[in-house]
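Chains, contacts and geometry: an overview
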Amino acid sequence: LLKTYTVTVKPATPVVTGFSPTSATVGQNTIFTVTGSYLTSNLALWIAECSNLTPLAGGTSSTRKWSCTPLTAGAKSVQIKTTPGGKLLKTYTVNFINTPPTVNSVVPLVAKLNELTTFTVSGANLTNDLSFWVDQCDGVTNILRGATQQKFTCTPKWTAKQHAGQVKDKTGGNILLSFNV
């Protein structure tokens, strides 16, 4: 024997190569995946404003998964660390989006000329940006904002005939419902 060496073998440092999805819907539980190599079972993921972040069983050295529920819309920070409180491996951004609004109905569809009328818009995920319009109906005013119902008033100033109306997700935005009064 000519010489004796001591070799210390250290575990490989995890390498993160991907994070998905890069967008998720507010209020919907979502599974997030981290990909790479040498990923350990104690790899740590943190996502801003995502409740109940929970690691999922069954990961491998190349794929780890977590689930959580996005709380508010917007771009959110993501951090991936070797362990909770450990070395930062990678950062990402995930975009949390609101569920788009849907409009099911507008009532009434009959209004009296020169008489203030209250229109009720019903649907889901309605926002404060919702826009309501009826041709030749003066003074459109929102009097109630809610996620499933909104109320608008205006005074019809047209001749007695049918007039077009629209509900949009915002002023100048996408049409959610077209109707006639």
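Before reading on, note that the structure itself is shown above.
The following refers to the structure shown. (Residues numbered from 1 in each chain as written. Predicted model: local features only at pLDDT ≥ 70, side-chain atom pairs only at ≥ 80, totals over all residues. Heavy atoms only, no water.)

Of the two faces of strand E14 (residues 164–168), only one is covered, namely that formed by Gly165 and Val167; the face formed by Ala164, Gln166 and Lys168 stays uncovered. With 4 bridges connecting them, strand E11 (residues 131–134) and E14 associate as antiparallel partners. When the bridges of E14 are listed, Phe132 appears paired with Val167. Strand direction decides the pairing type here: E14 and strand E15 (residues 175–180), joined by 5 bridges, are antiparallel. When the sheet's bridge partners are listed, Gln166 is paired in E15 with Ser178. (Buried < 20%, exposed > 50% of the residue type's maximum accessible area, 1.4 Å probe, protein only. Helix = DSSP H or I, 4+ residues; strand = E, 2+ residues; numbered from the N terminus. Pairing = 2+ DSSP bridges.)

Scanning the entire structure with this criterion turns up 2 disulfides. A sulfur-sulfur separation of 2.0 Å characterises the disulfide bridge that pairs Cys50 with Cys68. Its torsion about the S-S bond being 85°, the disulfide of Cys50 and Cys68 is classed as right-handed. Of this pair, Cys50 sits in strand E5 (residues 50–55) while Cys68 sits in strand E6 (residues 63–70), and the two are 18 residues apart along the sequence. For Cys68, a relative accessible area of 0% corresponds to the buried category. (Disulfide = S-S within 2.5 Å.)

On to the environment of Val34, then. Tracing the chain through its elements places Val34 in strand E3 (residues 30–37). Val34 gets classed as buried once you look at its relative accessible area, which sits at 0%. The sequence separation of Val34 and Thr17 amounts to 17 residues, and the corresponding C-alpha distance is 7.7 Å.

Strand order in this open sheet of 3 strands is E11-E14-E15, and the pairing throughout is antiparallel. In the strand order of this sheet, the two ends are held by E11 and E15, each with one partner. When the angles between neighbouring strand axes are averaged without regard to direction, this sheet yields 10°. (Axes fitted to C-alpha atoms, helices over the stretch in contact; angles between N-to-C directions.)

Taken together, the side chains of Tyr5, Val7 and Val9 present a nonpolar region at the surface, about 420 Å² in accessible area. For Val9, a relative accessible area of 73% puts it in the exposed group. (Patch = residues over 30% accessible without salt bridge, like charges linked within 9 Å, V, L, I, M, F, W, Y side chains within 5 Å. Areas by Shrake-Rupley, 256 points an atom, 1.4 Å probe, with all protein chains shown as cover. Salt bridge = Lys/Arg side-chain N within 4 Å of Asp/Glu carboxyl O.)

In terms of nonpolar packing, the biggest core is built from 17 residues, with Phe19, Phe32, Val34, Leu45, Ile47 and Phe96 touching the most fellow members. Of all the secondary structure elements, the ones that give two or more residues to this core are strand E1 (15–20), E3, strand E4 (44–47), E6, strand E7 (74–81) and strand E8 (88–97). Apart from the residues within four sequence positions on either side, Ile47 is in contact with Phe19, Phe32, Leu53, Cys68, Ser77, Val78, Val94 and Phe96. Counting 15 residues, the second largest nonpolar core, distinct from the first, contains Val106, Cys137, Cys154 and Phe179. (Core = buried A, V, L, I, M, F, W, Y, C linked by side-chain atoms within 4.5 Å. Contact = heavy atoms within 4.5 Å.)

Further remarks concern the packing of aromatic side chains. Each aromatic ring pair is summarised here by two numbers: the centre-to-centre distance and the angle between the ring planes. In the structure shown here, the tally under the stated rule is 5 aromatic pairs. On the basis of an interplanar angle of 40° and a centroid distance of 5.3 Å, the ring pair of Phe119 and Phe132 is categorised as tilted. Of this pair, Phe119 sits in strand E10 (residues 117–124) while Phe132 is found in strand E11, placing the two residues 13 residues apart along the sequence. Residue Phe119 shares its accessibility class with Phe132, and that shared class is buried. On the basis of relative accessibility, which here comes to 6%, the residue Phe132 falls in the buried class. (Phe/Tyr/Trp six-rings, centres within 6.5 Å; stacked < 30°, edge-to-face > 60°.)

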